[in-house]
Amino acid sequence: MAGKTVYDKIWDVHVVAERDDGVTILYIDRHLLHEVTSPQAFEGLALAGRSPWRRHANLATPDHNVPTTNRARGIEGIDDPVAREQVVVLDENCARYGIEQFAMTDRRQGIVHVIGPEQGATLPGMTIVCGDSHTSTHGAFAALAHGIGTSEVEHVLATQCLVQRKSRNMRIVVDGELPFGTTAKDMILNIIGRIGTAGATGHAIEYAGSAVRALSMEARMTLCNMSIEAGARAGLVAVDDTTLDYVHGRPFAPTGAMWDRAEDYWRTLVSDADANFDTEIGIDATTIVPQVTWGTSPELVLGIDENVPAPEDFDDPAKRELCGRALAYMDLEPGTPIGSVPVDRVFIGSCTNGRIEDLRAAAAVLEGRRVAASVTQAMAVPGSGLVKAQAEAEGLDAIFRGAGFEWRDPGCSMCLAMNDDRLYPGERSAATSNRNFEGRQGHQGRTHLVSPAMAAAAAVAGHFTDVRELA
Amino acid sequence: MDAFEQHEGTVAALDRANVDTDQIIPKQFLKSIRRTGFGDNLFDAWRYLDEGEIGKNANERRINHDFVLNEPRYAGASILLARDNFGCGSSREHAVWALLEYGFRCVIAPSFADIFFNNSLKNGLLPVVLTREDVDELFGIVHREVGYALRVDLDTQTVTGSGFMAHFDIEPEPKRLLMQGLDEIGATLAHADAIREFESRHRQRMPWVFARDGNAP
């Protein structure tokens with residue numbers, strides 16, 4: 001019998017019941033909630049006269065809708081009455097059901113995928129779900145983590161389980177040393193460029209290889225975060241010392257004898273040597289250069305030294321059509337060097353790149369430099385209140401402000417522009433977030449996805465530029 | 001949710017791949033705490049020329065006549081024909097609610113994104129996967145024949161129309177729930193004893209997962 005993958009191992013210990021047709025009732029250890037995808041689930045729960053199965057499995061925080069300025073006024077500071085109601089309703093639901101919440105004024109509030117790991121609420125081997133597709137982030141801890149819809153949020157609240165069919169196993173092995181100036185963000189954009197936005201549909205991805213092993217936990221979170229952009233609901237990395245060192249001492253993490261017991265188990269969360277992967281992909285890390293997306297799908301990505309493609313460059317008619325539409329939407333001409341494209345706004349933040357190492361990487365580029373006069377706005381939005389406090393303790397806020405960046409309060413912000421942080425029609429951004437879909441950052445806005453260092457470099461130059469030449 | 005046994009309706013053809021849920025329902029409409037009120041804003045940025053906002057009267061919007069769903073021939077369509085990877089991106093179930101409220105009961109495509117597919121099943125919007133060849137053929141027919149209608153039969157798992165017939169696969173359990181309009185939560189809670197039993201074993205085996213639960217069950 002073949003060995004097991006990390007995914008197989010986590011799956012197997014969470015099976016409550018399995019039907020003959022292969023559909024499984026899977027137990028969920030941790031459920032993260034935010035204001036946008038939970039209100040209808042709580043309403044459904046109440047209408048059916050049900051209550052949460054295990055309230056302590058849940059942790060909530062408002063993140064999508066919260067403003068990133070004027071936070072001293074709390075919920076009253078949300079000018080948009082519809083957005084305000086959503087945050088109020090999360091407060092009410094958490095109070096009603098006794099669910100722990102880092103409310104808007106709590107210093108631990110932040111993007112749900114930043115605070116889970118930060119608090120140790122995300123632990124290796126857990127099944128973790130949230131009504132947000134970037135729940136794949138938590139896979140960095142060798143957790144089985146994926147996004148769910150609102151009906152499933154209600155299902156998890158009511159039953160502590162999900163009805164699931166097991167995914168296939170895919171392994172992406174990235175070997176070699178990631179070159180100077182390239183990051184986990186460049187690695188994942190490069191992967192998505194190779195396999196496409198549906199390349200891993202139906203699979204759980206395990207990221208492996210020496211380049212992945214060498215990544216910090218925060219970098220692994222960036223990598224796993226964008227698994228959904230390759231079509232995989234879950235992406236994960238096996239447990240090693242880096243994982244355990246990060247988790248140790250976090251508020252929700254076990255201590256003492258319980259830690260020792262947990263560690264013994266967590267150390268087994270590596271794929272067996274004879275485990276079977278349905279799909280395997282190998283990538284040479286040394287070939288990866290800083291990446292910039294040029295189109296309206298994350299798979300439309302270039303190295304900073306490349307030129308915008310033409311529809312004829314693609315063999316597949318569907319890709320040719322996608323390219324043509326993306327060129328029109330992005331207002332780009334084929335053959336344009338991506339490094340010559342000017343930017344209007346720069347956004348550093350999000351569940352992809354809103355952690356302390358991301359802010360440090362951007363600040364390292366910005367130190368002693370200024371945002372170009374042609375850039376309308378440059379914004380740094382820490383992923384949580386604790387990330388913000390840490391950055392301020394390190395003096396990073398002074399570097400951002402000194403360079404001409406706005407230093408904001410934590411939230412999802414311009415990643416999806418539900419609050420006031422947004423692009424205006426025709427504007428172009430350099431963004432460290434995860435989606436460059438049409439209108440994602442604002443009606444008729446044009447998004448280019450990059451790493452934090454590349455975003456900082458673009459802010460300074462006023463156009464995309466090779467951060468390796470600024471260092 | 002409404003039961004789905006069979007449905008007959010006219011087909012609207014949306015000929016683009018990778019339609020993401022940000023397009024199906026843009027983020028400004030996700031601020032609502034309700035499950036309804038999204039139909040007027042389905043494909044908002046494509047359907048209208050002006051920028052959509054929550055509460056804006058649809059009758060006062062500027063219509064984008066170049067967008068296929070605005071073509072008079074597709075008025076009243078209840079089956080959406082689409083291309084690969086339909087519903088990719090964000091997990092927002094609002095995308096499914098918007099499609100249903102607009103009047104769609106079924107989406108036919110060669111492939112769907114996983115989360116969208118699941119969300120659809122849980123709301124009585126039937127996602128039907130047909131082969132690329134079948135979907136190509138349907139696009140051809142729908143483009144040629146104004147008012148082309150299909151009959152989607154969940155029981156026999158068939159899609160039939162004038163000059164067209166195809167079979168589709170669906171797993172037995174979602175099929176049963178859809179056909180009876182049943183709540184999946186109720187079905188899972190029928191296993192409540194098994195869940196409790198599992199939980200008690202799991203608590204012994206991995207107590208750190210339950211460390212914050214205290215003694216309360």
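All values reported here derive from a predicted model rather than from experimental measurement.

1. As for the overall build of chain B
Part 1 of the reasoning: Of the regular secondary structure elements, chain B holds eight helices and seven strands.
Part 2 of the reasoning: If you line up chain B on its principal axes, its C-alpha atoms span 65 × 40 × 25 Å.
Part 3 of the reasoning: When each of the 217 residues of chain B is scored for burial, the buried share is 45%.
Part 4 of the reasoning: If you take every contact in chain B between residues at least 6 apart in sequence, the share linking residues at least 24 apart comes to 68%.

2. Notes on the overall build of chain A
Part 1 of the reasoning: Assigned secondary structure in chain A consists of 16 helices and 19 strands.
Part 2 of the reasoning: For a compact globule of 471 residues, the expected C-alpha radius of gyration is about 23 Å, and chain A comes in at 21 Å, within 12% of that figure.
Part 3 of the reasoning: Here the C-alpha coordinates of chain A stretch approximately 55 × 55 × 45 Å along the principal axes.
Part 4 of the reasoning: Residues counted as buried form 62% of the 471 residues belonging to chain A.
Part 5 of the reasoning: In chain A, the proportion of contacts linking residues at least 24 apart, taken out of those at least 6 apart, comes to 77%.

3. Quick look at the interface of chain A and chain B
Part 1 of the reasoning: Listed per partner, the contact involves 60 residues of chain A and 54 residues of chain B.
Part 2 of the reasoning: Listing elements by their share of the side of chain A that touches chain B, those giving two or more residues are β1 (15-18), β2 (23-27), α2 (39-47), α3 (81-97), α5 (150-159), β8 (161-165), α10 (256-266) and α11 (317-330) of chain A.
Part 3 of the reasoning: In terms of residue count, α5(A) provides more of the side of chain A that touches chain B than any other element does, seven residues in total.
Part 4 of the reasoning: Grouping the constituent residues of the side of chain A that touches chain B by class yields 28 nonpolar, 21 polar and eleven charged.

4. Quick word on the nonpolar core
Part 1 of the reasoning: Ranked by size, the top nonpolar core spans 213 residues in total, and within it Val346(A), Ala362(A), Ala455(A), Ala458(A), Leu81(B), Leu99(B) and Ile108(B) carry the most contacts.
Part 2 of the reasoning: If we ignore the near neighbours within four places in the chain, the residues touching Leu81(B) are Val11(B), Ala12(B), Ala13(B), Leu14(B), Ile108(B), Leu138(B), Phe139(B) and Val142(B).

5. Examining the sheet that holds β8(A)
All names here are of chain A.
Part 1 of the reasoning: Spatially, three strands are ordered β1-β2-β8 in an open sheet, and the strand pairing comes out antiparallel. Edge positions in the sheet fall to β1 and β8, since each has one partner strand and no second. For this sheet, the mean inter-axis angle between neighbouring strands, taken without regard to orientation, is 25 degrees.
Part 2 of the reasoning: Pairing between β1 and β2: three bridges, direction antiparallel. Among the inter-strand pairings, alanine 17 is bridged to a residue of β2, identified as isoleucine 25.

6. Comments concerning the sheet that holds strand β7 (residues 144-147) of chain A
Residues and elements named next belong to chain A.
Part 1 of the reasoning: The strand order across the open sheet formed by five strands is β5-β4-β3-β6-β7, and the pairing between neighbours is parallel. Both edges of this open sheet fall to β5 (100-101) and β7, since each of them pairs with a single strand only.
Part 2 of the reasoning: Relative to strand β6 (residues 127-130), strand β3 (residues 30-33) is paired through three bridges, and the arrangement is parallel. If you follow leucine 32 over to β6, its bridge partner there is cysteine 130.

7. Focus on unusual backbone geometry
Residue and element names in this part refer to chain A.
Part 1 of the reasoning: Despite not being glycine, alanine 142 shows a phi value in the positive range, around 55 degrees.
Part 2 of the reasoning: Examined against the element boundaries, alanine 142 turns out to sit in the loop between β6 and β7.
Part 3 of the reasoning: Here alanine 142 falls in the buried class, since 28 other C-beta atoms lie within 10 Å of it.

8. A closer look at the environment of Gly231(A)
Part 1 of the reasoning: Among the structural elements, Gly231(A) can be located in the loop between α8 (217-225) and β11 (234-236).
Part 2 of the reasoning: Residues Gly231(A) and Glu299(A) lie 68 residues apart in sequence; the distance between their C-alpha atoms is 11 Å.

9. Focus on the packing of helix α13 (residues 356-366) of chain A against helix α16 (residues 452-461) of chain A
Residues and elements named next belong to chain A.
Part 1 of the reasoning: As a packed pair, α13 and α16 sit with axes 8 Å apart at the nearest point and diverge in direction by 30 degrees. Here α13 is positioned roughly parallel relative to α16, judged by the angle of their axes. Crossing hand, α13 versus α16: right-handed. Facing Asp358, Ala361, Ala362, Val365 and Leu366 of α13, the residues of α16 in contact are Pro452, Ala453, Ala455, Ala456, Ala457 and Val460.

10. Considering the confidence of the model for chain B
Part 1 of the reasoning: Averaged over every residue, the pLDDT of chain B is 95; the share at 70 or more is 99%.
Part 2 of the reasoning: Scoring of the predicted complex yields 0.96 for pTM and 0.94 for ipTM.

11. Thoughts on helix α6 (residues 172-180) of chain B
Residue and element names in this part refer to chain B.
Part 1 of the reasoning: Burial in α6 covers these residues: Pro174, Leu177 and Leu178. Down the axis, α6 shows its buried residues gathered within 100 degrees of arc, on one side only. Every exposed residue of α6 that faces more than 90 degrees away from the buried side is listed here: Pro172, Arg176 and Gln180.
Part 2 of the reasoning: On its buried side, α6 packs onto α4 (114-121), β4 (126-129) and α7 (184-189).
Part 3 of the reasoning: Phi for glycine 181, located one or two positions after α6, is positive at around 65 degrees.

12. Regarding the packing of α13(A) against helix α15 (residues 396-403) of chain A
All names here are of chain A.
Part 1 of the reasoning: Packing of α13 against α15 leaves a shortest axis separation of 9 Å and a crossing angle of 45 degrees. Of the possible angle classes, the one that applies to α13 and α15 is oblique. In the crossing of α13 with α15, the sense of the turn from one axis to the other is left-handed. Between α13, through Leu359, Arg360, Ala363 and Leu366, and α15, the contact on the second element is made entirely by Leu396, Ile399, Phe400 and Ala403.

13. Thoughts on the pairing of β2(A)
All names here are of chain A.
Part 1 of the reasoning: Burial of β2 is extensive: four of the five residues sit out of reach of the surface.
Part 2 of the reasoning: Linkage of β1 to β2, two consecutive antiparallel strands, is achieved through a turn of four residues, within which glycine 22 is found at a positive phi near 90 degrees.
Part 3 of the reasoning: Bridge analysis of β2 against β8 gives five bridges, and the strand direction is antiparallel. Across the sheet, the residue bridging to threonine 24 is glutamine 164, located in β8.

14. A few points about α15(A)
All names here are of chain A.
Part 1 of the reasoning: Those residues of α15 not exposed but buried are Leu396, Ile399, Phe400 and Ala403. Buried residues of α15, viewed axially, fall in a sector of 95 degrees; they line one side.
Part 2 of the reasoning: Structurally, α15 contributes buried residues whose contacts are with α13, β16 (377-380), α14 (385-393) and β17 (406-407).
Part 3 of the reasoning: Count one or two residues on from α15 and you reach glycine 404, which has phi positive near 105 degrees.

15. Some remarks on the pairing of β3(A)
Residue and element names in this part refer to chain A.
Part 1 of the reasoning: Going residue by residue along β3, you find Arg30 and Leu32 tucked away on one face and His31 and Leu33 tucked away on the opposite face as well.
Part 2 of the reasoning: As paired strands, β3 and strand β4 (residues 58-60) are joined by three bridges and run parallel to one another. For leucine 33, the partnering residue across the bridge sits in β4 and is alanine 60.

16. A closer look at the environment of Gly256(A)
Part 1 of the reasoning: You can see Gly256(A) is positioned in helix α10.
Part 2 of the reasoning: Sequence separation between Gly256(A) and Met187(A) is 69 residues, and the spatial gap between their C-alpha atoms is 37 Å.

17. Overview of the environment of Phe198(B)
Part 1 of the reasoning: One can find Phe198(B) in helix α8 (residues 192-205).
Part 2 of the reasoning: Ignoring sequence-local partners within four residues, the contact set of Phe198(B) consists of Val16(A) and Tyr27(A).

The rules behind these values
Residues numbered from 1 in each chain as written. Chains lettered and ligands numbered in written order. Predicted model: local features only at pLDDT ≥ 70, side-chain atom pairs only at ≥ 80, totals over all residues. Helix = DSSP H or I, 4+ residues; strand = E, 2+ residues; numbered from the N terminus. Buried ≥ 20, exposed ≤ 12 C-beta atoms within 10 Å, placed from the backbone. Contact = placed C-beta atoms within 7 Å. Rg over C-alpha atoms; globule rule 2.2 N^0.38 Å. Nonpolar A, V, L, I, M, F, W, Y, C, P; charged D, E, K, R; others polar. Core = buried A, V, L, I, M, F, W, Y, C linked by C-beta atoms within 7 Å. Pairing = 2+ DSSP bridges. Axes fitted to C-alpha atoms, helices over the stretch in contact; angles between N-to-C directions. Parallel < 35°, antiparallel > 145°, perpendicular 65-115°, else oblique. Left-handed = near helix turned anticlockwise from the far one by under 90°. pLDDT = per-residue confidence, 0-100. Arc of directions from axis to C-beta.

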